[in-house]
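What follows is the residue order along each chain.
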Amino acid sequence: MIRLPPLPTIRDLIKLHNLSASKQLSQNFLLNSNITNKIVLLDGGVENHQVCEVGAGPGCLTRSIIAGGASKIVAVEKDRRFLPALDILANAVDGRMVIVYADILNYEMIKAFDPVDKKAWNDESPKMKIIGNLPFSISTPLLIQWLNLISQNAGPFSLGRIKMTLTFQEEVAQRILAEPKTSQRSRLSIMTQNYCHVKPGFLIKGSSFVPAPKVNSVVLTFTPRITPLIDIDFTTLEVIAKSLFRHRRKFVIKGTKYLFPTDVDLSLKLFEEADVDWKLRPQQLSTEEIQRLCAAYKKVLLDHQLDLSDAMIVKETNK
Ligand SMILES: C[S@@+](CC[C@H](N)C(=O)[O-])C[C@H]1O[C@@H](n2cnc3c(N)ncnc32)[C@H](O)[C@@H]1O
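Residues numbered from 1 in each chain as written. Predicted model: local features only at pLDDT ≥ 70, side-chain atom pairs only at ≥ 80, totals over all residues.

In the annotation of an unreviewed UniProt entry, the protein chain is listed under the name rRNA adenine N(6)-methyltransferase and assigned to Trichoplax adhaerens. Regarding the protein chain, the relevant UniProt record gives this comment under Subcellular location (unreviewed entry): "Mitochondrion". (UniProt positions renumbered as here; feature names shortened; annotations may be inferred.)

Right, dumping it as structure tokens:
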């Protein structure tokens with residue numbers, strides 16, 4: 001770990017600038033550098049890496065990223081009140097750190113990385129990382145947005161299979177990690193595992209955050225897969241995964257009717273074509289069975305001159 005010059009403590013900065021946490025922005029800060037150092041060291045650390053940090057807040061995790069030897073840090077933060085705290089850090093590291101005030105959901109993250117470290121998709125990951133103690137309120141849409149970019153090797157992922165180290169509420173992390181045929185299996189497990197190798201890092205107790213949320217968090221690491229498990233476009237997979245898990249406790253066929261227009265139910269045909277038992281519960285489906293359902297869905301649509309946009313679930317979403 002690199003030593004930073006003497007800096008005011010984050011607690012002092014919070015007091016000095018009256019940085020009361022905003023609930024709306026899911027501000028639960030980590031002020032313990034043992035925890036933030038441990039996050040940064042996961043999956044090979046950040047030495048000589050370019051890092052984009054999501055939601056830097058008062059900067060404790062940012063300090064660990066700097067101390068971990070990152071070559072460049074772009075700290076994205078929506079709340080301008082953190083300017084003085086982050087400025088102190090940026091000044092201490094002479095041009096290695098850039099602060100971007102933006103909503104991460106709209107930020108073009110490719111701008112955070114210098115393409116000099118670009119790697120081919122089927123090469124090892126480039127020396128670039130996305131790290132964040134994510135705001136709870138947007139962690140799932142953000143992950144889905146990144147998975148979509150990974151599926152197209154687009155945005156920052158046009159520079160290679162950039163690794164990510166991210167925190168999630170424990171319950172969301174369990175869903176992301178859930179293996180096929182387990183009770184927590186969900187749309188999020190299917191989507192994430194299709195595009196990434198995901199590994200659990202460690203649990204962070206709710207009481208370790210300031211202010212303390214009622215739930216624990218888990219840090220996860222993600223490495224984009226060279227080839228997704230299921231070969232299908234992102235939107236179709238998302239629509240299928242949503243419909244399969246629409247009724248978690250019922251036979252899986254109950255959800256698949258939403259894959260077709262209101263007046264055309266080809267669900268039985270779909271299960272016959274895929275050779276999958278329609279009486280399974282969604283959580284009991286294996287990856288191979290989902291893969292067969294995806295291929296069968298494409299065929300059934302084609303045979304009946306239908307389009308994904310005709311599906312009830314798509315029409316509902318677009319309303
Ligand atoms: C859970 S806090 C983490 C803060 C800091 N990294 C830490 O670990 O203590 C989430 C941070 O994300 C910021 N944030 C919330 N929504 C955001 C958004 N849409 N875009 C960028 N930052 C956001 C919050 O202001 C807050 O600083």
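Back to the write-up after that little detour.
(A) How the structure looks around the environment of C196. As for its placement among the helices and strands, C196 is situated in strand 7 (residues 196-204). We classify C196 as buried; it has 23 C-beta atoms within 10 Å. Along the primary structure C196 and L147 are separated by 49 residues, whereas in three dimensions their C-alpha atoms are 8.1 Å apart. Excluding anything up to four places from it in sequence, C196 contacts I150, F222, T223, P224 and R225. (Helix = DSSP H or I, 4+ residues; strand = E, 2+ residues; numbered from the N terminus. Buried ≥ 20, exposed ≤ 12 C-beta atoms within 10 Å, placed from the backbone. Contact = placed C-beta atoms within 7 Å.)

(B) Quick look at the sheet that holds strand 5 (residues 128-132). If you walk across this open sheet you meet the 7 strands as 4-3-2-5-6-9-7, and the pairing is mixed. Edge positions in the sheet fall to strand 4 (97-101) and strand 7, since each has one partner strand and no second. Averaged over all adjacent pairs, the angle separating strand axes in this sheet is 20°, with direction ignored. Taken together, the 6 bridges between strand 6 (residues 163-169) and strand 9 (residues 217-224) define a ladder with antiparallel strand orientation. Within strand 9, the residue paired with T165 across the bridge is T221. (Pairing = 2+ DSSP bridges. Axes fitted to C-alpha atoms, helices over the stretch in contact; angles between N-to-C directions.)

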